[in-house]
Each structure stands twice: as structure tokens, then as C-alpha cells.
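Architecture at a glance
Spelled out from the first residue to the last, the chains are:
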Amino acid sequence: MVVRRAGACGRVEGMASVSGRSQRLLAAHGKGARGRGAGLACGAGGRARQVTSSSSLGFLDSSTPSSTYGEENNILAAVGLFEEEVERNFSAELQSIQKMEQEKRKQAEEVNRMITEAPDAYAVCHVAKTHWRSFDATATTRAIAWLAKFSSTLQGTSGVQEASDAEAESLVAIAGEAVKRLRSLVEKHCADFSRRDLIVLLGGFAQLNWGLEPSLADRVRALVESSQLEKLRPQELVCAVWALGKSNGKSFLSKKSLERLELNCLRQLAGGALETPQMVQVVWGFGQLSHRLTCHEWYEGIKKFHGADSLKSLQPSEQTLFAWSLSRVGLCNDKALGKTLLAVFKSSLRQYDLVSMNTMLKCFHLMRVRVSSDLLAKCEVRCLQCMSKCSTEAISDFIYRCVKTKHKVSVHTSVYAENTVNSKIDQLSAKDMALLMWSFAKLGHKPKATFLKRLENQFELLEMKPQSLSLLIWAYAKLRLPTSKRFADAHYYMVWKDLAGMNMQCLANIMWSYGRLRLDVPNDLHAELMDHFRLHISECNSQNISNIMVSCARLGKAVDGDLLSRVEQVSSRSMAKFSSQGMSNVLWSFIKLNHRPSQDYLVSFQKHFGASIHKASPQNIANVVWSFAQIRYTPYESLMQSLFDKVDSKLDTFSEQDVATLLWGCGKLKYRIPTALAYKFQTFCLARQRKFSLHDISLSLWGFTQQPTEIRPEVLQAMYEASMRHLDRNFHAEAFVHVVWSLSVRSTGGLNRGAVLAERYEGDLLETVQSLSGYDSSKLLCSLSFLGCMKPEICSSLMRTIESRIHTYDVQQLQSILNAVEALDPDVLGELDCFAFNMKLNEAIKSRYASSSQQQQKKQKH
């Protein structure tokens with residue numbers, strides 16, 4: 001038993017010694033050899049254990065006598081022979097591994113040489129497609145770097161165009177296969193890339209517009225989040241920021257990571273290690289990453305090392321890129337930096353193209369840096385030089401930028417822009433069309449009919465968003481351009497299609513434009529527009545409500561009373577937010593739509609309009625007086641005094657229509673105009689009598705008759721002559737009645753002007769007298785009777801009209817008609833049954849009195 005244990009112990013020691021020698025031998029070789037050597041050692045050890053086991057079974061069986069020392073030596077000898085065989089096999093295997101490694105190194109060197117010597121991107125792709133198995137991490141990095149170097153060739157700008165169709169198809173196929181191989185190799189060798197390799201790969205992927213592989217993105221994120229950023233050279237750091245911005249690095253970088261990246265860039269900037277082009281790339285990269293930079297430190301670094309002289313050394317495209325990037329990273333609040341950029345822009349203007357110039361003007365607007373008119377005029381000259389070679393987008397953008405900076409573009413530039421866009425109308429997009437027409441409207445430039453026709457044809461082919469639809473029709477309304485039915489129908493359809501997603505600003509602009517153009521909006525579309533307004537009225541501001549209401553009044557479309565009440569409630573609560581124009585427009589619209597506002601609304605209106613009277617325009621004041629007169633509402637004396645104080649001080653700014661409306665409104669309200677102001681009104685009418693329309697003359701004359709101040713003879717004569725000029729051109733029965741009535745009231749002596757008019761236009765009056773309303777018929781009957789110039793035919797027609805509408809007159813009107821008939825000469829009445837007519841008038845008067853007394857009794861009972 002002792003011998004058996006000793007033998008077993010010897011066998012264990014022998015195997016241990018074999019294993020130990022194998023491990024010492026493997027330790028002397030490289031990484032690849034260690035792996036294979038370990039595998040062989042394990043295999044050898046397994047076989048050794050098998051041999052030992054079989055020997056034990058042969059020599060140390062339990063049924064045999066105890067072993068001797070000689071037998072044990074035989075076992076050790078067998079084990080030793082096996083170990084020598086293992087060592088010989090391992091040496092041969094190791095030599096084979098070393099030979100393979102040498103071959104791979106030669107192949108890798110050859111691949112790297114082929115990549116370096118490749119003349120274009122397709123040659124690099126051919127190497128990647130053919131020898132991808134020989135690529136290591138270094139070759140993969142170099143191939144992608146070389147592809148980025150030849151990125152324009154890879155996109156087909158030279159190699160493919162010069163080849164035949166078959167060759168071009170083959171080249172594209174090779175490139176596609178090579179790209180797939182390279183991206184898979186990046187995944188395979190991702191753990192082996194060095195820090196510099198990561199930066200090169202990141203830049204290559206960005207230059208080639210490839211999306212980062214997940215593993216590569218993880219390595220880049222780990223690099224940014226670690227302290228290794230401080231070890232990067234300035235050029236590597238700049239490349240990293242630029243590439244992250246171009247590769248959408250914000251999708252996998254946290255805010256903390258971006259702050260760490262910014263801190264390292266700021267250190268380089270503060271130390272003066274960044275050149276001006278590198279600084280521009282860094283700012284651009286952070287702009288693409290939507291990362292707001294720390295303003296003060298960056299301002300100091302830029303001012304210290306990158307002043308005007310450094311920025312002037314940049315190309316215009318780089319200057320534009322820098323200005324645009326500043327606005328993206330929040331560095332647009334420093335006026336000194338903005339003025340520096342403006343000086344650089346001014347000195348380099350002749351080298352700018354139109355797109356870059358537009359971008360700079362936009363950036364100056366964001367920086368709130370004023371561009372002088374002289375410089376903008378030079379920009380116009382540069383625009384004219386570049387316009388023929390530019391797209392319609394750049395031309396539209398330039399005109400729009402000039403308008404935004406409140407620069408009055410010259411007529412020559414506007415016409416040249418119109419002609420150039422007309423020649424490229426097929427390129428005009430929906431947005432550019434809307435902006436160009438909006439800009440023309442702001443400039444007051446009316447395009448030619450040929451341009452508008454081509455524009456409308458192009459409009460039908462486009463898909464417009466609500467904002468573009470509103471800007472386009474607003475421009476038509478502002479310029480009062482003619483709108484064809486085809487264009488209007490196309491606009492109706494597009495508005496109807498996108499109505500659900502339309503905001504209130506767009507709706508208000510569209511509705512205002514429809515009203516200004518007096519378009520025949522389909523009833524179903526108008527109903528849907530009003531429903532949309534009703535649903536979103538809480539989102540409207542005061543200007544939206546004002547524009548929509550004015551549009552409804554101008555279009556003459558019926559509006560639901562509930563909606564008008566809702567508008568009244570909303571506007572009454574927010575009356576303080578309305579401008580004087582908005583308040584007057586809403587009140588005017590209510591009256592036009594036959595909606596009488598409540599007493600609470602009118603009280604609130606007078607309070608707020610009186611407070612903002614100093615901002616009211618002449619038209620606003622005239623509309624307010626007209627609205628009160630229409631509903632026969634007597635406003636506060638303080639408000640009327642404030643209104644006419646403003647009229648007295650600004651009368652020269654009022655139009656003829658505004659003055660006529662004021663005179664008529666005061667007559668209806670029985671408001672006594674101060675004597676001094678009444679004489680001013682007469683002087684105004686005398687000076688501008690040739691600009692008064694016939695309707696304005698009739699309103700003004702009637703208004704003068706309602707005031708106690710006598711009309712000066714020269715004023716009356718001037719208005720009389722002006723009315724004849726209008727009636728000679730175009731006879732209008734209603735205006736004729738008002739003028740004659742006014743002249744009859746003031747016919748106290750001298751020339752009987754009303755009678756002259758009645759005789760002069762007797763024929764025209766006979767043709768149109770039957771079309772007069774009951775009110776105008778009664779006025780004409782009274783006027784001609786008092787003037788003593790009534791004709792039997794006219795009298796007969798007027799009496800028939802009055803008799804048919806006798807139920808519409810009040811007591812005072814009936815009494816005036818009765819007095820006029822009784823004053824007529826018997827020759828005028830002729831065969832007319834005057835007695836029967838008078839009896840009907842008397843019965844109507846009695847009926848009105850009886851009805852009035854009954855109403856009074858009911859009021860007393862209540």
C-alpha cells in the first residue's frame with residue numbers, strides 16, 4: 001500500500017512538472033501564441049492523464065501484487081516521452097502562428113499602402129470590398145478617413161459622371177458593398193480604436209453623412225464623459241465638436257456631457273489656442289447641438305483673440321456661418337460683437353452671394369443691430385448683380401429681409417425682382433410666393449397682370465399651409481389686386497381643406513382680406529369659418545376679433561345672433577386690450593350686422609374709447625359717431641366733447657367722407673357743433689368741394705341744415721355746383737333727393753337752387769322715381785312742394801308710393817306729407833283724388849295717436 005501511494009504521488013508530480021514547463025514556454029510568446037499554446041497545453045494535459053490512467057490500470061491493478069520501483073520508473077519514462085512529443089508539436093504550431101502573424105502584418109501594411117495611394121473614393125471602395133478580411137482597426141480608420149477626403153467623388157460629382165452607364169452602375173454597386181463592409185468593420189474593431197482613431201472616425205462619419213454605429217456612439221460618449229478630453233489637441237477637439245454637431249450628437253450626449261465639452265473648448269479659447277476658423281467650427285458645432293453657451297466667457301474670449309481683423313480674414317461663407325451660429329447658441333445679445341460683424345460684412349459685401357447676404361441680414365435683425373439705409377442700398381446693388389444666377393427663394397428672401405428691416409426698396413429693384421421671378425416662376429414654392437407677395441404689398445408695389453396670371457397658375461399646383469394662404473390673400477387685399485374667379489375658388493378650396501388646423505391669426509387675415517376684396521365667399525364656407533371662429537374665440541386677441549367682425553360686415557353675410565352676443569361678451573371683458581381702431585371697428589360691425597349692443601357694452605366702450613381718443617384716427621372717430629347715430633344712442637357729453645376736440649385740432653387730416661359722416665351723425669344725434677368748429681367745417685368743404693362725392697355732398701348739406709349756424713353762401717354755391725357735376729355724369733335718385741331737400745330747407749331767398757336742379761333733371765327723375773323708398777318719396781314730395789316746382793307726373797308717382805307704404809311713417813312724417821299736399825297748386829294735382837289721399841293720411845295720423853296713447857297707458861299700469 002505504501003508503494004502504491006508513492007507511485008501515485010510520483011505520477012502527480014510528473015504531470016505537474018509537464019504542465020509547469022508548458023506554461024513557462026507559452027509565457028515567452030505573444031498574445032496570439034499564448035491563446036493557442038494554452039489550448040495545446042490543455043489538450044496535452046488531457047492526453048497525459050489518459051496515459052497515466054491506463055498505466056495505472058495495467059501495472060497497479062488491485063488483483064496484482066504490489067508494484068516495484070522499476071515499474072514506477074517505466075511509468076515516468078512513458079510520461080516523459082509523451083511530454084517531449086507535446087513540446088515538438090507545440091514548437092511547430094508556434095512557428096506556424098508566428099508565420100501567419102507576419103503574413104497578416106504584411107497584408108495589413110499592403111492594405112494601408114493601397115488605401116493611402118488610392119486616387120479617388122472608388123479606388124478606396126474597391127480595396128475595402130476586395131481586402132476587407134485583412135482590415136484591422138488602423139486600416140478601417142484610414143479607409144474611412146480617405147473616403148471622407150474624397151466624399152464629393154463618392155457622391156457622384158466626378159467619377160460616375162465620366163463613366164459609361166454600365167461602369168457607373170458597377171461603381172455604385174462597389175461603393176455600396178464597401179460601405180456596408182466598413183461599417184461592419186467599425187463594429188468589429190470598435191474596442192481596438194485609440195482616442196485619436198475615435199476622433200478621425202467621428203469626423204469621417206460626419207463628412208460622409210453616415211449615422212454613427214451604436215458601438216461607436218458609445219465609445220464617443222465615454223470619451224466625452226471621461227477626463228480624456230483634456231488630453232485632446234485643439235485640432236482634435238475642434239473636429240470632435242464639429243463632427244458631433246453634424247452627426248446629431250445631441251441624440252446620445254447628455255446635457256452634462258455637453259457642458260464638459262464646452263468647458264474644454266472654453267479653456268482652449270481662453271488660452272488663445274484656437275484659430276479663428278476653428279473657433280467658428282466650434283460655435284457652429286454647438287449650434288447644431290442646440291447647446292446654449294455661457295455668454296460672458298465666450299464673449300470675452302472672442303473679443304480678445306478674434307476681433308475684426310481676424311474675422312475679415314474669413315471667407316464670406318465662414319462669416320455667415322459664424323453669425324448664424326451665434327444666434328443658435330445664444331450669443332446674439334452683445335451689441336459690440338454685432339457691430340463688429342456689421343463692419344466686417346460691410347467691408348466684404350462685394351464678395352457675398354445673395355444667400356449669404358440674406359442670412360447676415362437676418363442675423364443682424366436677431367441681434368437688434370441696425371443696418372443703415374446706405375448699406376442696405378449697397379445690398380440692393382449686390383442683389384441686382386447676383387439675381388439672375390439665384391433661385392427664386394433667395395430673391396424672395398432678400399425682398400422680405402429688406403421689408404423686415406423697414407428699408408424702402410427702390411422701384412427698380414422691385415421691378416427687376418418681379419421680372420426675374422417671372423422668368424423662373426416654376427421654381428417658386430408656396431412659402432416664397434406668399435413672402436414675396438407680402439413684401440410687395442408692404443412696399444406698395446403692384447405686380448403686372450402677366451406676372452399675376454402666371455403666379456395664380458403656379459398657385460393652383462402648390463400645397464399651401466394656412467399661414468402662406470393668409471399672407472398671399474392679404475397681399476392681394478392690401479394692394480387691391482383684381483382676383484379672378486378661378487383664383488378665388490382655388491383659395492376657397494385650400495382654406496376649406498386646412499380649416500381644422502388654422503389658428504386665429506390666419507383666420508383673421510383671411511377673413512379681413514375676403515372682406516376688403518368684397519369676394520363672393522360661398523355660404524357654406526362662410527358658415528364653416530364662423531363655426532371655427534365660434535369654437536376658438538377664446539384664443540383670439542383683440543385684433544383678430546376686430547378683423548373678423550369687419551370682414552363679416554363688409555361681406556354682408558348673415559351672422560348668427562348667438563355668435564354676435566358671444567363676441568360682445570368677450571370683447572366687453574377685454575375692452576382695455578383693444579386699440580381705438582379695434583373698438584371702433586367692432587362697434588361699426590355690430591351696427592352693420594343689425595346687432596344693437598347692450599347698455600353695459602356701450603358704457604364700457606365710451607369709457608375705454610374716451611381714454612384712447614388721442615390714438616384714434618379720423619376714420620375711427622367718424623365710424624363711432626356714425627354708429628351712435630344709426631342706433632340713435634346719445635353718448636356722454638364728455639365723450640362727444642373729446643371727439644370734437646380731436647376733430648378741431650386735426651381737421652386737416654380728415655377725409656371728405658369722414659367730414660360728411662361727422663356732419664350727418666351730428667344731425668341725427670341732434671348734437672350742436674361749436675360755432676367755431678362749424679365754420680371750420682364750412683371752410684373745409686369750400687376748399688375741397690371738388691373731392692367730395694355726390695353722396696358726401698348730400699350728407700354734408702343735410703348735416704349743415706341740422707345746425708343753427710347759417711351756411712355761408714359761397715359754401716352753398718360750391719356744393720351746389722359740385723352736385724351738378726356729379727349728377728351730369730351719373731344721375732343717382734337717392735342722392736338727388738337729399739341734395740334737393742337740403743337746398744329747399746336753406747332756400748330763404750335769392751336763387752332757388754333746388755328748383756333749378758328739379759327742372760334740370762326732370763327727365764332722369766321721372767325714369768327713377770318709382771325706385772325711391774318710402775322715406776325718400778316723402779322727402780322729395782315735401783321738398784318740391786315747398787320749392788313750388790312740383791310736376792303732375794312726379795306728384796302722381798310719389799303719391800302712389802306714399803300711399804302703398806303709409807303704414808311705415810311716423811306721426812311727424814305723416815303730418816309733413818299732409819302739409820306738403822295741401823300746399824300744392826290745384827294745377828299740379830289736376831285729376832288726382834287729393835281728398836281721398838288726405839283722408840288716408842288723417843286716418844293714419846289718428847291711428848298713430850291712438851296706438852301711442854295705448855302704449856302710454858300700459859306703461860303707467862306697469
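Residues numbered from 1 in each chain as written. Predicted model: local features only at pLDDT ≥ 70, side-chain atom pairs only at ≥ 80, totals over all residues. Heavy atoms only, no water.

By the naming in an unreviewed UniProt entry, the protein is FAST kinase leucine-rich domain-containing protein, taken from Chloropicon primus.

Attention shifts here to the overall build of the protein. Counting its regular elements, the protein contains 45 helices and zero strands. Residues classed as buried in the protein amount to 50% of the 862 residues present. A separation threshold of at least 6 residues defines the contact pool for the protein, and within that pool the share at least 24 residues apart is 80%. Here the protein displays about 43,200 Å² of accessible surface, and carbon together with sulfur accounts for 50% of that area. (Helix = DSSP H or I, 4+ residues; strand = E, 2+ residues; numbered from the N terminus. Buried < 20%, exposed > 50% of the residue type's maximum accessible area, 1.4 Å probe, protein only. Contact = heavy atoms within 4.5 Å. Areas by Shrake-Rupley, 256 points an atom, 1.4 Å probe, with all protein chains shown as cover.)

What describes two packed helices is the angle between their axes and the distance between those same axes. Helix H13 (residues 276-288) packs onto helix H12 (residues 255-270) with a crossing angle of 165° between their chain directions and a minimal axis gap of 12 Å. The angle between H12 and H13 falls in the class roughly antiparallel. Viewed along their axes, H12 and H13 form a crossing whose handedness is left-handed. Packed against H12, whose contacting residues are Leu258, Leu261, Glu262, Cys265 and Leu269, the element H13 presents Met279, Val282 and Phe286 at the interface. (Axes fitted to C-alpha atoms, helices over the stretch in contact; angles between N-to-C directions. Parallel < 35°, antiparallel > 145°, perpendicular 65-115°, else oblique. Left-handed = near helix turned anticlockwise from the far one by under 90°.)

Below, the discussion takes up the packing of helix H17 (residues 335-347) against helix H19 (residues 373-386). The N-to-C vectors of H17 and H19 enclose an angle of 40°; their axes lie 11 Å apart at closest approach. As far as their axial angle goes, H19 and H17 are oblique. Like other packed secondary-structure pairs, H17 and H19 cross with a definite hand, here left-handed. Taking contact as the criterion, the partners of Leu342, Phe345 and Lys346 in H17 are, on H19, Leu375, Lys378 and Cys379.

Attention now moves to the packing of aromatic side chains. Within the structure shown, the criterion is met by 19 aromatic pairs. Measuring from ring centre to ring centre gives 5.6 Å for Phe345 and Phe364, while their planes differ by 65°; the resulting arrangement is edge-to-face. Of this pair, Phe345 sits in helix H17 while Phe364 sits in helix H18 (residues 354-366), and the two are 19 residues apart along the sequence. For the pair Phe345 and Phe364, one class covers both residues: buried. Taken together, a centroid distance of 5.6 Å and an interplanar angle of 40° make the contact between Phe628 and Tyr633 tilted. Here the aromatic cluster, defined as three or more aromatic residues joined through ring pairs, consists of Phe605, Phe609, Phe628 and Tyr633. Over the ring of Tyr720 we find Arg753, and its NZ or CZ is 6.0 Å from the ring centre. Lying across the ring of Trp741, Lys779 places its NZ or CZ 5.0 Å from the centre. (Phe/Tyr/Trp six-rings, centres within 6.5 Å; stacked < 30°, edge-to-face > 60°. Lys NZ or Arg CZ within 6 Å of the ring centre and 35° of its normal.)

Mapped onto the secondary structure, Val821 falls in helix H43 (residues 811-823). A relative accessible area of 1% means that Val821 is categorised as buried. Considering only alpha carbons, one finds Val821 and Met799, 22 residues apart in sequence, at a separation of 9.2 Å.

Our next topic: the environment of Ile802. Here Ile802 is to be found in helix H42 (residues 792-804). Note: C-alpha distance between Ile802 and Leu841 (39 residues apart in sequence) is 9.7 Å. Not counting the four nearest positions on each side in its chain, Ile802 is found in contact with Ser777, Ser778, Leu781, Tyr809, Ile817 and Phe837.

What follows concerns the pattern of salt bridges. Counted according to the given criterion, the structure contains 21 salt bridges. Across the pair Glu117 and Arg113 runs a salt bridge, and its minimum N-O distance is 2.7 Å. As a salt-bridge pair, Glu236 and Arg233 come within 3.5 Å of each other at their nearest N and O atoms. Linked by salt bridges that have partners in common, Glu110, Arg113 and Glu117 make up one network. (Salt bridge = Lys/Arg side-chain N within 4 Å of Asp/Glu carboxyl O.)

Take the state of the cysteines next. On inspection of all chains with the given rule, the structure shows zero disulfides. Between Cys295, a cysteine without a disulfide, and Cys332, which holds the nearest cysteine sulfur, the sulfur-to-sulfur distance is 8.2 Å. With relative accessibility at 30%, the residue Cys295 sits in the partly exposed group. (Disulfide = S-S within 2.5 Å.)

All right, on to the side chain of Asp432 then. Relative to the helices and strands, Asp432 is located in helix H22 (residues 430-443). Although Asp432 lies buried, it forms no salt bridge, and the closest oppositely charged side chain, Lys431, sits 6.4 Å away as judged by the N-O distance. The contact partners of Asp432, leaving out residues within four places of it in the chain, are Glu393 and Ser396. (Lys, Arg positive; Asp, Glu negative; His and termini not counted.)

For helix H23 (residues 449-459), every residue scored as buried is listed here: Phe451, Leu452, Leu455, Glu456, Gln458 and Phe459. Projection of H23 onto a plane perpendicular to its axis shows the buried side chains occupying an angular sector of 160°, all on one side. Exposed side of H23, more than 90 degrees from the buried face: Ala449, Thr450 and Lys453 are the residues found there. Summarising the contacts, the buried residues of H23 are in contact with helix H21 (411-423), H22, helix H24 (466-479) and helix H25 (485-497). (Arc of directions from axis to C-beta.)

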